[in-house]
Amino acid sequence: MRKGVIKVLTALLLTAAVVLSGCSKDQGGAKERTLGKADRTADVVVVGAGAAGMSAAVQAAQLGLDVVLLEKNGFPGGTTMMAEGVFAVDSHWQKEAGIEIDKVDLFRRVQEYNHWLSDSRILKKFFDASAGSIDWLEELGVKFVAAISMGNSVQTWHIYDGLGEGFVESMHEALLEAGVTLLLETPGKELVMEEGKVKGVIAGTSGGEELKIEAPVVILATGGYSDNPEMMDQLVGITTEKVLQAGIPGRTGDGINMGISAGGITNYLGTAMFYGGHLKGIPFGNHLYAASAFQPNMILVNQDAERFMDESIAPDNFSFSGNAMKNQKRIISILNKEALDSYVEEGCIAGAGAYTLPGAKLTDLYSQLDDQLAKGNEDIHIADTISELASLLDLDEEALKATMAEYGKSCESGYDGLFGKPSGYLTAMESGPWYAFDLSLGYFTTVGGLRVDEDARVLTKESEAIPGLYAVGTDSNVIYGDSYDVVISAGSCQGWAVNSGRFAAQDARLYLDR
(Lines give C-alpha, C1' and ligand atoms only; values in the text may rest on other atoms or scores of the structure.)
Protein backbone atom coordinates (compact mmCIF):
# COMPACT_ATOMS: atom_id res chain seq x y z
CA MET A 1 0.00 0.00 0.00
CA ARG A 2 1.44 3.34 -0.96
CA LYS A 3 2.04 5.90 1.77
CA GLY A 4 -0.13 8.48 0.02
CA VAL A 5 -3.08 6.10 -0.02
CA ILE A 6 -2.79 5.56 3.73
CA LYS A 7 -2.62 9.30 4.35
CA VAL A 8 -5.71 9.98 2.26
CA LEU A 9 -7.59 7.18 3.99
CA THR A 10 -6.60 8.42 7.43
CA ALA A 11 -7.63 11.99 6.59
CA LEU A 12 -11.05 10.80 5.47
CA LEU A 13 -11.63 8.69 8.55
CA LEU A 14 -10.45 11.48 10.88
CA THR A 15 -12.91 13.97 9.42
CA ALA A 16 -15.40 12.94 12.09
CA ALA A 17 -15.53 10.35 14.81
CA VAL A 18 -17.49 7.40 13.56
CA VAL A 19 -20.97 7.05 15.08
CA LEU A 20 -22.17 3.57 15.95
CA SER A 21 -24.55 2.42 13.27
CA GLY A 22 -26.55 -0.64 12.36
CA CYS A 23 -23.71 -3.10 11.88
CA SER A 24 -23.91 -6.72 10.90
CA LYS A 25 -25.52 -8.97 13.46
CA ASP A 26 -23.61 -11.98 12.16
CA GLN A 27 -21.67 -12.96 15.23
CA GLY A 28 -19.76 -15.85 13.74
CA GLY A 29 -19.66 -19.38 15.09
CA ALA A 30 -17.89 -22.70 15.28
CA LYS A 31 -19.67 -25.60 13.64
CA GLU A 32 -19.19 -29.28 14.34
CA ARG A 33 -18.93 -30.23 10.72
CA THR A 34 -16.28 -31.35 8.33
CA LEU A 35 -14.51 -28.53 6.59
CA GLY A 36 -15.04 -30.17 3.24
CA LYS A 37 -12.69 -29.49 0.41
CA ALA A 38 -10.54 -26.56 1.47
CA ASP A 39 -9.68 -23.78 -0.94
CA ARG A 40 -6.25 -23.62 0.62
CA THR A 41 -4.30 -24.77 3.65
CA ALA A 42 -2.06 -22.92 6.08
CA ASP A 43 -0.31 -23.44 9.39
CA VAL A 44 -1.87 -20.35 10.91
CA VAL A 45 -4.84 -18.14 10.03
CA VAL A 46 -4.88 -14.73 11.70
CA VAL A 47 -8.28 -13.03 11.63
CA GLY A 48 -7.87 -9.25 11.63
CA ALA A 49 -4.97 -7.07 10.44
CA GLY A 50 -4.63 -4.43 13.16
CA ALA A 51 -1.55 -4.10 15.34
CA ALA A 52 -2.27 -7.40 17.11
CA GLY A 53 -2.99 -9.35 13.95
CA MET A 54 -0.08 -7.94 11.99
CA SER A 55 2.30 -8.61 14.87
CA ALA A 56 1.05 -12.18 15.20
CA ALA A 57 1.32 -12.79 11.46
CA VAL A 58 4.83 -11.40 11.07
CA GLN A 59 6.12 -13.22 14.15
CA ALA A 60 4.59 -16.52 13.03
CA ALA A 61 6.08 -16.16 9.54
CA GLN A 62 9.48 -15.40 11.06
CA LEU A 63 9.18 -18.69 12.95
CA GLY A 64 8.78 -20.56 9.68
CA LEU A 65 5.00 -20.92 9.58
CA ASP A 66 2.75 -20.54 6.56
CA VAL A 67 0.46 -17.67 7.51
CA VAL A 68 -2.78 -16.35 6.02
CA LEU A 69 -3.93 -12.98 7.37
CA LEU A 70 -7.61 -12.10 6.84
CA GLU A 71 -8.85 -8.50 6.96
CA LYS A 72 -12.47 -7.37 6.71
CA ASN A 73 -11.63 -3.90 5.38
CA GLY A 74 -9.95 -3.07 2.11
CA PHE A 75 -6.77 -1.97 3.86
CA PRO A 76 -4.64 -3.23 6.79
CA GLY A 77 -4.17 -1.44 10.08
CA GLY A 78 -7.57 -1.20 11.70
CA THR A 79 -7.87 1.40 14.44
CA THR A 80 -4.10 1.34 14.85
CA MET A 81 -4.24 3.80 11.95
CA MET A 82 -5.37 6.31 14.57
CA ALA A 83 -2.95 5.28 17.33
CA GLU A 84 -0.09 7.45 18.50
CA GLY A 85 2.31 5.19 20.35
CA VAL A 86 2.96 1.96 22.20
CA PHE A 87 3.76 1.06 25.83
CA ALA A 88 7.12 -0.29 26.91
CA VAL A 89 9.22 -0.27 30.05
CA ASP A 90 13.03 -0.55 30.19
CA SER A 91 13.40 0.20 26.48
CA HIS A 92 16.59 1.60 25.03
CA TRP A 93 14.69 4.84 24.32
CA GLN A 94 14.02 5.28 28.01
CA LYS A 95 17.53 4.32 29.06
CA GLU A 96 19.15 6.68 26.54
CA ALA A 97 16.91 9.52 27.76
CA GLY A 98 17.81 8.86 31.38
CA ILE A 99 14.28 7.75 32.23
CA GLU A 100 14.42 5.42 35.20
CA ILE A 101 11.34 3.31 35.90
CA ASP A 102 11.02 0.75 38.66
CA LYS A 103 9.21 -2.01 36.77
CA VAL A 104 7.93 -3.73 39.91
CA ASP A 105 6.65 -0.45 41.34
CA LEU A 106 4.92 0.36 38.04
CA PHE A 107 3.37 -3.11 37.98
CA ARG A 108 1.98 -2.63 41.49
CA ARG A 109 0.63 0.83 40.64
CA VAL A 110 -1.18 -0.57 37.61
CA GLN A 111 -2.61 -3.46 39.62
CA GLU A 112 -3.80 -1.14 42.38
CA TYR A 113 -5.46 1.02 39.70
CA ASN A 114 -7.09 -2.16 38.36
CA HIS A 115 -8.04 -3.33 41.86
CA TRP A 116 -6.02 -6.47 41.00
CA LEU A 117 -8.71 -7.54 38.54
CA SER A 118 -6.20 -8.07 35.75
CA ASP A 119 -4.26 -11.33 35.51
CA SER A 120 -1.00 -10.66 37.35
CA ARG A 121 1.19 -13.22 35.63
CA ILE A 122 0.05 -12.13 32.18
CA LEU A 123 0.54 -8.47 33.06
CA LYS A 124 4.04 -9.27 34.34
CA LYS A 125 4.90 -11.17 31.16
CA PHE A 126 3.64 -8.25 29.09
CA PHE A 127 5.79 -5.77 31.02
CA ASP A 128 8.88 -7.98 30.78
CA ALA A 129 8.49 -8.50 27.01
CA SER A 130 7.64 -4.90 26.12
CA ALA A 131 11.18 -3.52 25.72
CA GLY A 132 12.17 -6.40 23.47
CA SER A 133 9.13 -5.72 21.32
CA ILE A 134 10.33 -2.17 20.72
CA ASP A 135 13.61 -3.62 19.41
CA TRP A 136 11.67 -6.14 17.31
CA LEU A 137 9.46 -3.45 15.79
CA GLU A 138 12.49 -1.34 14.93
CA GLU A 139 14.09 -4.34 13.21
CA LEU A 140 10.93 -4.54 11.09
CA GLY A 141 11.26 -0.88 10.10
CA VAL A 142 8.91 0.81 12.58
CA LYS A 143 10.40 4.12 13.67
CA PHE A 144 9.89 6.02 16.93
CA VAL A 145 10.53 9.62 17.93
CA ALA A 146 10.55 9.58 21.74
CA ALA A 147 9.32 7.94 24.93
CA ILE A 148 7.01 10.42 26.63
CA SER A 149 4.18 10.62 29.15
CA MET A 150 0.47 11.14 28.60
CA GLY A 151 -0.67 13.70 31.14
CA ASN A 152 0.59 12.51 34.51
CA SER A 153 1.57 9.03 33.36
CA VAL A 154 5.00 7.47 33.55
CA GLN A 155 7.07 7.96 30.38
CA THR A 156 6.09 4.65 28.81
CA TRP A 157 4.48 6.01 25.64
CA HIS A 158 6.76 5.35 22.66
CA ILE A 159 5.50 7.62 19.90
CA TYR A 160 5.51 6.27 16.35
CA ASP A 161 7.21 8.34 13.69
CA GLY A 162 4.21 9.23 11.54
CA LEU A 163 1.88 8.11 14.35
CA GLY A 164 -0.40 5.19 13.55
CA GLU A 165 -0.17 5.41 9.79
CA GLY A 166 3.64 5.26 10.03
CA PHE A 167 3.37 2.07 12.07
CA VAL A 168 0.89 0.51 9.65
CA GLU A 169 2.96 1.35 6.59
CA SER A 170 6.07 -0.25 8.10
CA MET A 171 4.22 -3.34 9.32
CA HIS A 172 2.50 -3.77 5.96
CA GLU A 173 5.89 -3.86 4.29
CA ALA A 174 7.13 -6.30 6.93
CA LEU A 175 4.17 -8.59 6.21
CA LEU A 176 5.05 -8.77 2.55
CA GLU A 177 8.75 -9.32 3.23
CA ALA A 178 7.96 -12.12 5.68
CA GLY A 179 5.84 -13.93 3.10
CA VAL A 180 2.48 -13.55 4.82
CA THR A 181 -0.54 -13.99 2.56
CA LEU A 182 -2.72 -10.92 3.22
CA LEU A 183 -6.31 -11.19 2.01
CA LEU A 184 -8.23 -7.91 2.13
CA GLU A 185 -12.03 -7.61 2.08
CA THR A 186 -12.06 -11.16 3.42
CA PRO A 187 -13.65 -11.33 6.88
CA GLY A 188 -13.42 -14.42 9.04
CA LYS A 189 -16.95 -15.76 9.50
CA GLU A 190 -16.81 -19.12 11.25
CA LEU A 191 -14.41 -21.34 13.11
CA VAL A 192 -14.51 -25.01 12.21
CA MET A 193 -13.78 -27.35 15.11
CA GLU A 194 -13.32 -31.11 15.15
CA GLU A 195 -13.12 -33.04 18.42
CA GLY A 196 -12.55 -29.82 20.33
CA LYS A 197 -9.60 -28.70 18.20
CA VAL A 198 -9.30 -25.97 15.59
CA LYS A 199 -9.66 -27.33 12.10
CA GLY A 200 -9.98 -24.17 10.04
CA VAL A 201 -11.84 -20.99 9.19
CA ILE A 202 -14.68 -20.12 6.85
CA ALA A 203 -14.14 -16.62 5.46
CA GLY A 204 -16.22 -14.42 3.21
CA THR A 205 -15.09 -12.71 0.05
CA SER A 206 -16.02 -9.40 -1.52
CA GLY A 207 -18.02 -11.36 -4.08
CA GLY A 208 -20.13 -13.00 -1.38
CA GLU A 209 -18.54 -16.43 -1.74
CA GLU A 210 -17.12 -18.69 0.96
CA LEU A 211 -13.39 -19.21 1.32
CA LYS A 212 -12.46 -22.37 3.23
CA ILE A 213 -9.03 -22.43 4.82
CA GLU A 214 -7.80 -25.54 6.59
CA ALA A 215 -5.44 -24.69 9.45
CA PRO A 216 -4.63 -26.16 12.87
CA VAL A 217 -4.12 -22.70 14.42
CA VAL A 218 -6.38 -19.64 14.37
CA ILE A 219 -5.49 -16.34 16.04
CA LEU A 220 -8.46 -14.03 16.62
CA ALA A 221 -7.55 -10.34 16.29
CA THR A 222 -10.70 -8.61 15.08
CA GLY A 223 -10.51 -5.57 17.36
CA GLY A 224 -13.41 -6.03 19.78
CA TYR A 225 -17.03 -4.98 19.33
CA SER A 226 -17.07 -1.16 19.14
CA ASP A 227 -19.25 -1.18 16.01
CA ASN A 228 -21.84 -3.61 17.31
CA PRO A 229 -24.71 -1.58 18.81
CA GLU A 230 -26.38 -4.59 20.39
CA MET A 231 -23.21 -5.66 22.21
CA MET A 232 -22.45 -2.10 23.29
CA ASP A 233 -25.96 -1.68 24.70
CA GLN A 234 -25.98 -5.03 26.45
CA LEU A 235 -22.41 -5.22 27.71
CA VAL A 236 -21.27 -1.64 28.25
CA GLY A 237 -24.65 -0.18 29.06
CA ILE A 238 -24.55 2.81 26.72
CA THR A 239 -26.98 3.83 24.01
CA THR A 240 -25.66 4.80 20.63
CA GLU A 241 -27.42 8.12 20.15
CA LYS A 242 -24.87 10.26 22.03
CA VAL A 243 -21.79 8.08 21.71
CA LEU A 244 -18.88 8.47 19.32
CA GLN A 245 -16.18 5.89 18.72
CA ALA A 246 -12.97 7.24 17.30
CA GLY A 247 -11.94 4.17 15.37
CA ILE A 248 -11.96 2.45 12.02
CA PRO A 249 -15.26 0.73 11.06
CA GLY A 250 -15.64 -3.03 11.15
CA ARG A 251 -15.19 -3.99 14.82
CA THR A 252 -18.39 -5.98 15.27
CA GLY A 253 -17.34 -8.61 17.82
CA ASP A 254 -16.60 -11.30 15.22
CA GLY A 255 -13.55 -12.75 16.95
CA ILE A 256 -15.09 -12.70 20.43
CA ASN A 257 -18.23 -14.44 19.26
CA MET A 258 -16.28 -17.05 17.30
CA GLY A 259 -14.27 -17.75 20.45
CA ILE A 260 -17.41 -18.04 22.58
CA SER A 261 -18.97 -20.48 20.12
CA ALA A 262 -15.85 -22.63 20.37
CA GLY A 263 -16.25 -22.88 24.15
CA GLY A 264 -14.24 -19.85 25.20
CA ILE A 265 -15.34 -17.54 28.02
CA THR A 266 -15.10 -13.81 28.40
CA ASN A 267 -13.26 -11.70 30.94
CA TYR A 268 -14.52 -8.21 31.86
CA LEU A 269 -16.50 -8.10 28.62
CA GLY A 270 -18.20 -4.82 29.46
CA THR A 271 -15.12 -2.58 29.52
CA ALA A 272 -14.87 0.28 27.03
CA MET A 273 -11.96 2.69 26.71
CA PHE A 274 -13.68 6.04 27.25
CA TYR A 275 -11.77 9.24 26.60
CA GLY A 276 -14.35 11.83 27.65
CA GLY A 277 -16.44 14.33 25.76
CA HIS A 278 -16.22 14.83 22.02
CA LEU A 279 -17.98 17.38 19.83
CA LYS A 280 -19.62 15.51 16.99
CA GLY A 281 -18.29 16.29 13.54
CA ILE A 282 -14.65 17.08 14.41
CA PRO A 283 -11.54 14.90 14.57
CA PHE A 284 -9.98 13.89 17.85
CA GLY A 285 -7.21 16.23 18.95
CA ASN A 286 -7.74 19.30 16.75
CA HIS A 287 -7.86 22.81 18.24
CA LEU A 288 -11.64 22.93 18.52
CA TYR A 289 -11.64 19.55 20.22
CA ALA A 290 -9.01 20.64 22.73
CA ALA A 291 -10.93 23.83 23.54
CA SER A 292 -14.42 22.36 23.72
CA ALA A 293 -13.74 19.17 25.66
CA PHE A 294 -10.32 19.08 27.27
CA GLN A 295 -9.61 22.27 29.20
CA PRO A 296 -9.62 22.01 33.02
CA ASN A 297 -11.15 25.48 33.51
CA MET A 298 -14.28 24.74 31.48
CA ILE A 299 -17.66 24.25 33.19
CA LEU A 300 -19.42 20.93 32.59
CA VAL A 301 -23.14 20.55 33.20
CA ASN A 302 -25.64 17.77 32.55
CA GLN A 303 -29.27 17.59 31.42
CA ASP A 304 -30.35 19.20 34.71
CA ALA A 305 -27.99 22.15 34.23
CA GLU A 306 -25.91 20.87 37.17
CA ARG A 307 -22.19 20.25 37.44
CA PHE A 308 -21.44 16.54 37.88
CA MET A 309 -17.65 16.26 38.15
CA ASP A 310 -14.36 18.04 38.71
CA GLU A 311 -13.72 19.26 35.17
CA SER A 312 -9.94 19.04 35.57
CA ILE A 313 -10.23 15.24 35.52
CA ALA A 314 -10.74 15.45 31.74
CA PRO A 315 -7.07 16.10 30.88
CA ASP A 316 -5.62 14.43 33.99
CA ASN A 317 -7.39 11.10 33.45
CA PHE A 318 -9.67 11.03 30.45
CA SER A 319 -10.69 7.46 31.22
CA PHE A 320 -12.17 8.49 34.58
CA SER A 321 -13.70 11.53 32.91
CA GLY A 322 -15.51 9.24 30.52
CA ASN A 323 -16.74 7.11 33.39
CA ALA A 324 -18.35 10.17 34.99
CA MET A 325 -19.86 11.28 31.70
CA LYS A 326 -21.33 7.84 31.01
CA ASN A 327 -23.82 8.40 33.81
CA GLN A 328 -25.29 11.57 32.23
CA LYS A 329 -27.97 11.97 29.59
CA ARG A 330 -26.25 15.11 28.33
CA ILE A 331 -22.72 16.49 28.61
CA ILE A 332 -22.40 20.23 27.99
CA SER A 333 -19.19 22.23 28.25
CA ILE A 334 -19.49 25.98 28.79
CA LEU A 335 -16.83 28.65 28.21
CA ASN A 336 -16.90 32.35 27.47
CA LYS A 337 -15.10 34.16 24.68
CA GLU A 338 -12.47 35.47 27.06
CA ALA A 339 -11.45 31.89 27.87
CA LEU A 340 -11.40 30.88 24.20
CA ASP A 341 -9.35 33.94 23.32
CA SER A 342 -6.80 33.02 25.97
CA TYR A 343 -6.31 29.60 24.37
CA VAL A 344 -5.62 31.27 21.03
CA GLU A 345 -3.40 34.10 22.27
CA GLU A 346 -1.68 32.58 25.31
CA GLY A 347 -1.98 28.85 24.75
CA CYS A 348 -4.21 26.05 25.97
CA ILE A 349 -3.91 24.70 29.49
CA ALA A 350 -4.16 21.04 28.51
CA GLY A 351 -3.27 19.36 25.24
CA ALA A 352 -5.02 16.49 23.48
CA GLY A 353 -2.81 13.46 22.99
CA ALA A 354 0.06 13.86 20.56
CA TYR A 355 -2.06 16.05 18.28
CA THR A 356 -2.24 19.21 20.41
CA LEU A 357 0.38 19.66 23.12
CA PRO A 358 -0.12 21.53 26.41
CA GLY A 359 0.62 25.24 26.03
CA ALA A 360 0.05 25.22 22.27
CA LYS A 361 -1.68 28.30 20.90
CA LEU A 362 -4.98 27.15 19.41
CA THR A 363 -4.62 29.35 16.36
CA ASP A 364 -7.04 27.26 14.29
CA LEU A 365 -9.77 27.32 16.94
CA TYR A 366 -12.01 30.00 15.46
CA SER A 367 -11.58 28.88 11.85
CA GLN A 368 -12.55 25.35 12.86
CA LEU A 369 -15.46 26.72 14.86
CA ASP A 370 -16.67 28.82 11.92
CA ASP A 371 -16.37 25.80 9.65
CA GLN A 372 -18.63 23.74 11.94
CA LEU A 373 -21.15 26.54 12.20
CA ALA A 374 -21.21 26.84 8.41
CA LYS A 375 -21.89 23.11 8.21
CA GLY A 376 -24.83 23.53 10.56
CA ASN A 377 -23.40 21.73 13.59
CA GLU A 378 -26.37 21.80 15.98
CA ASP A 379 -24.25 20.95 19.04
CA ILE A 380 -22.59 24.38 19.13
CA HIS A 381 -24.47 27.20 20.88
CA ILE A 382 -23.43 30.85 21.21
CA ALA A 383 -25.31 33.41 23.29
CA ASP A 384 -24.74 36.81 24.87
CA THR A 385 -26.48 35.94 28.14
CA ILE A 386 -26.99 32.89 30.35
CA SER A 387 -30.76 33.21 29.86
CA GLU A 388 -30.36 33.04 26.10
CA LEU A 389 -27.88 30.17 26.43
CA ALA A 390 -30.33 28.18 28.57
CA SER A 391 -33.01 28.68 25.93
CA LEU A 392 -30.71 27.51 23.14
CA LEU A 393 -29.72 24.45 25.17
CA ASP A 394 -33.29 23.75 26.25
CA LEU A 395 -32.18 23.77 29.90
CA ASP A 396 -33.99 25.14 32.92
CA GLU A 397 -32.99 28.82 33.03
CA GLU A 398 -33.04 29.20 36.80
CA ALA A 399 -31.09 25.98 37.31
CA LEU A 400 -28.37 27.07 34.89
CA LYS A 401 -28.19 30.54 36.46
CA ALA A 402 -27.85 28.95 39.90
CA THR A 403 -25.07 26.64 38.71
CA MET A 404 -23.15 29.51 37.11
CA ALA A 405 -23.60 31.69 40.20
CA GLU A 406 -22.39 28.92 42.49
CA TYR A 407 -19.37 28.31 40.25
CA GLY A 408 -18.61 32.03 40.24
CA LYS A 409 -18.55 32.06 44.05
CA SER A 410 -16.14 29.10 44.00
CA CYS A 411 -13.86 31.07 41.70
CA GLU A 412 -13.98 34.07 44.02
CA SER A 413 -13.15 32.02 47.11
CA GLY A 414 -10.71 29.69 45.39
CA TYR A 415 -12.53 26.69 46.81
CA ASP A 416 -14.86 24.29 44.99
CA GLY A 417 -17.20 23.02 47.69
CA LEU A 418 -18.85 20.52 45.36
CA PHE A 419 -16.03 18.47 43.89
CA GLY A 420 -12.77 20.00 45.08
CA LYS A 421 -11.61 21.25 41.69
CA PRO A 422 -8.07 22.64 42.13
CA SER A 423 -8.10 26.38 42.73
CA GLY A 424 -5.72 27.03 39.84
CA TYR A 425 -8.44 25.97 37.42
CA LEU A 426 -11.23 28.00 39.02
CA THR A 427 -11.18 30.75 36.42
CA ALA A 428 -13.96 33.30 36.79
CA MET A 429 -16.10 33.68 33.67
CA GLU A 430 -18.28 36.69 34.35
CA SER A 431 -19.64 37.81 31.00
CA GLY A 432 -20.46 36.64 27.49
CA PRO A 433 -20.49 35.92 24.72
CA TRP A 434 -20.98 32.35 26.00
CA TYR A 435 -20.08 29.22 24.06
CA ALA A 436 -21.68 25.88 24.91
CA PHE A 437 -20.82 22.56 23.28
CA ASP A 438 -23.24 19.64 23.51
CA LEU A 439 -20.74 16.81 23.71
CA SER A 440 -21.07 13.12 22.95
CA LEU A 441 -19.28 10.47 24.99
CA GLY A 442 -16.20 9.37 23.10
CA TYR A 443 -14.39 6.08 23.30
CA PHE A 444 -11.52 4.52 21.39
CA THR A 445 -12.28 0.84 21.64
CA THR A 446 -13.69 -1.94 23.72
CA VAL A 447 -11.10 -3.81 25.75
CA GLY A 448 -13.24 -6.60 27.17
CA GLY A 449 -12.89 -9.92 25.42
CA LEU A 450 -12.02 -13.59 25.64
CA ARG A 451 -10.21 -14.95 28.64
CA VAL A 452 -6.72 -16.11 27.69
CA ASP A 453 -3.63 -17.46 29.41
CA GLU A 454 -0.03 -16.21 29.34
CA ASP A 455 0.40 -17.51 25.80
CA ALA A 456 -2.85 -15.90 24.56
CA ARG A 457 -4.60 -19.30 24.31
CA VAL A 458 -8.38 -19.04 24.62
CA LEU A 459 -9.65 -20.66 27.81
CA THR A 460 -12.82 -22.56 28.60
CA LYS A 461 -14.83 -22.14 31.81
CA GLU A 462 -12.74 -24.99 33.23
CA SER A 463 -9.62 -22.85 32.54
CA GLU A 464 -8.45 -25.28 29.90
CA ALA A 465 -6.87 -24.02 26.67
CA ILE A 466 -8.76 -24.73 23.45
CA PRO A 467 -6.19 -26.47 21.23
CA GLY A 468 -5.08 -24.21 18.40
CA LEU A 469 -7.20 -21.18 19.32
CA TYR A 470 -5.73 -17.84 20.39
CA ALA A 471 -7.14 -14.36 20.99
CA VAL A 472 -5.04 -11.21 20.98
CA GLY A 473 -5.37 -7.45 21.29
CA THR A 474 -8.87 -6.26 22.14
CA ASP A 475 -10.42 -9.64 21.34
CA SER A 476 -8.92 -10.59 24.71
CA ASN A 477 -8.73 -8.70 27.97
CA VAL A 478 -6.63 -9.79 30.88
CA ILE A 479 -4.68 -6.62 31.65
CA TYR A 480 -7.44 -4.15 32.61
CA GLY A 481 -9.96 -3.70 35.37
CA ASP A 482 -12.83 -1.31 34.69
CA SER A 483 -10.82 1.61 33.28
CA TYR A 484 -7.95 2.22 30.85
CA ASP A 485 -4.72 2.81 32.78
CA VAL A 486 -3.55 5.66 30.55
CA VAL A 487 -2.84 7.84 33.61
CA ILE A 488 -0.14 5.38 34.68
CA SER A 489 1.12 3.35 31.71
CA ALA A 490 0.27 5.22 28.54
CA GLY A 491 0.14 3.14 25.36
CA SER A 492 -0.80 -0.10 27.11
CA CYS A 493 -3.58 -0.98 24.65
CA GLN A 494 -1.24 -0.83 21.67
CA GLY A 495 1.43 -2.52 23.76
CA TRP A 496 -0.86 -5.42 24.60
CA ALA A 497 -1.82 -5.73 20.92
CA VAL A 498 1.78 -6.06 19.76
CA ASN A 499 2.97 -8.28 22.59
CA SER A 500 -0.05 -10.59 22.76
CA GLY A 501 0.23 -11.09 19.00
CA ARG A 502 3.82 -12.20 19.48
CA PHE A 503 2.90 -14.43 22.45
CA ALA A 504 0.29 -16.23 20.36
CA ALA A 505 2.62 -16.78 17.40
CA GLN A 506 5.44 -18.05 19.60
CA ASP A 507 3.18 -20.56 21.32
CA ALA A 508 1.61 -21.60 18.02
CA ARG A 509 5.07 -22.65 16.83
CA LEU A 510 5.50 -24.81 19.92
CA TYR A 511 1.98 -26.24 19.58
CA LEU A 512 2.58 -27.32 16.00
CA ASP A 513 5.90 -28.89 16.94
CA ARG A 514 4.37 -31.10 19.65
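Placed above this text is the structure.
Residues numbered from 1 in each chain as written. Predicted model: local features only at pLDDT ≥ 70, side-chain atom pairs only at ≥ 80, totals over all residues. Heavy atoms only, no water.

**So, the overall build of the protein chain**
Looking only at helices and strands, the protein chain has 16 helices and 23 strands in total. For the C-alpha atoms alone, the extent of the protein chain along its principal axes is close to 75 × 50 × 45 Å. Residue burial in the protein chain is summarised as follows: out of 514 residues, 59% are buried. For the protein chain, the share of sequence-separated contacts (at least 6 apart) that also reach a separation of at least 24 residues comes to 74%. Here the protein chain displays about 19600 Å² of accessible surface, and carbon together with sulfur accounts for 48% of that area. (Helix = DSSP H or I, 4+ residues; strand = E, 2+ residues; numbered from the N terminus. Buried < 20%, exposed > 50% of the residue type's maximum accessible area, 1.4 Å probe, protein only. Contact = heavy atoms within 4.5 Å. Areas by Shrake-Rupley, 256 points an atom, 1.4 Å probe, with all protein chains shown as cover.)

**Considerations on the environment of Gly 223**
Secondary-structure assignment places Gly 223 in the loop between strand 13 (217-220) and helix 7 (229-236). A sequence separation of 173 residues divides Gly 223 from Gly 50, and the C-alpha atoms of the two residues are 7.3 Å apart. Apart from the residues lying within four places of it in its own chain, the contact partners of Gly 223 are Arg 251, Thr 445, Thr 446, Thr 474 and Asp 475.

**Points about the pairing of strand 11 (residues 197-204)**
Counting buried residues along strand 11, six of its eight residues qualify, which places the element largely inside the surrounding structure. One ladder, built from six bridges, connects strand 10 (residues 188-194) with strand 11; its direction is antiparallel. Pairing of Val 192 across the sheet is with Gly 200, part of strand 11. Alignment of strand 11 against strand 12 (residues 210-214), held across five bridges, turns out to be antiparallel. Paired with Gly 204 across the strands is Glu 210, a residue of strand 12. Between the antiparallel neighbours strand 11 and strand 12 lie five residues, among them Gly 208 with a positive phi of about 85 degrees. (Pairing = 2+ DSSP bridges.)

**Focus on the layout of surface pockets**
Over the atoms rolls a probe the size of a water molecule, and its path tells where empty space is left. Taken as a whole, the largest pocket encloses approximately 330 Å³ of empty space. Lining the largest pocket are 20 residues, with Met 150, Gly 151, Pro 315, Gly 351 and Pro 358 positioned closest to its centre. Of all the secondary structure elements, the ones that give two or more residues to the lining of the largest pocket are strand 8 (157-160) and helix 10 (313-316). Looking at the lining of the largest pocket residue by residue, the class counts come to 14 nonpolar, five polar and one charged. (1 Å grid on protein atoms, 1.4 Å probe; cavity = no way out; pocket = protein on both sides within 12 Å on 5 of 7 lines; lining within 4 Å. Points joined across faces, edges and corners; volume = space filled by probe spheres on them. Nonpolar A, V, L, I, M, F, W, Y, C, P; charged D, E, K, R; others polar.)

**Details of the sheet that holds strand 8**
Strands belonging to one sheet form pairs held by backbone hydrogen bonds; the direction of such a pair is parallel or antiparallel. Reading across the sheet, the three strands line up as 6-8-7 and stay open at both edges, with antiparallel pairing between neighbours. The two strands at the open ends of the sheet, each matched to only one other strand, are strand 6 (85-87) and strand 7 (144-148). The mean angle between the axes of side-by-side strands here comes to 25 degrees, regardless of whether they run parallel or antiparallel. With three bridges joining them, strand 6 and strand 8 adopt antiparallel strand pairing. Across the sheet, residue Gly 85 finds its bridge partner in strand 8, namely Ile 159. Sheet contacts for helix 16 (residues 492-513): strand 6 and strand 8; angle to strand 6, the most-contacted strand, approximately 75 degrees. (Axes fitted to C-alpha atoms, helices over the stretch in contact; angles between N-to-C directions.)

**A word on the pattern of salt bridges**
If you walk through the whole model with that rule in mind, you get 19 salt bridges. The residue Asp 128 makes a salt bridge to Lys 124 at a minimum N-O spacing of 2.8 Å. Residue Asp 128 and its partner Lys 124 are located together in helix 5 (residues 120-139), separated by four residues, close to a single helical turn. Overlapping salt bridges bring together Asp 90, Lys 103, Lys 124 and Asp 128 as one network. (Salt bridge = Lys/Arg side-chain N within 4 Å of Asp/Glu carboxyl O.)

**Concerning empty space enclosed by the protein**
Within the structure shown, the criterion is met by two cavities of 30 Å³ or more. Of the volumes computed, that of the largest cavity is approximately 820 Å³. For the largest cavity, the lining is made up of 50 residues, of which Thr 79, Thr 80, Arg 251, Thr 445 and Gln 494 are closest to its centre. Only helix 2 (51-62), strand 20 (434-446) and helix 16 provide two or more residues apiece to the lining of the largest cavity. When the residues that make up the lining of the largest cavity are grouped by side-chain class, the tally is 26 nonpolar, 19 polar and five charged. Forming the boundary of the second largest cavity are Met 150, Gly 151, Pro 315, Asp 316, Asn 317, Phe 318, Val 486 and Val 487. A breakdown of the residues in the lining of the second largest cavity according to their chemical character gives five nonpolar, two polar and one charged.

**Remarks on the pairing of strand 5 (residues 67-70)**
Residues Val 67 and Leu 69 of strand 5 are buried on one face, and the alternating residues Val 68 and Leu 70, pointing to the opposite face, are buried as well. Relative to strand 5, strand 4 (residues 44-47) runs parallel, the two being bridged by four bridges. Across the sheet, the residue bridging to Val 45 is Val 68, located in strand 5. In this view, the connection linking strand 4 to its parallel neighbour strand 5 by way of helix 2 has right-handed handedness. In terms of strand pairing, strand 5 meets strand 9 (residues 181-183) through three bridges, oriented parallel. For Leu 70, the partnering residue across the bridge sits in strand 9 and is Leu 183. (Right-handed = clockwise from strand over helix to strand, strands pointing away.)

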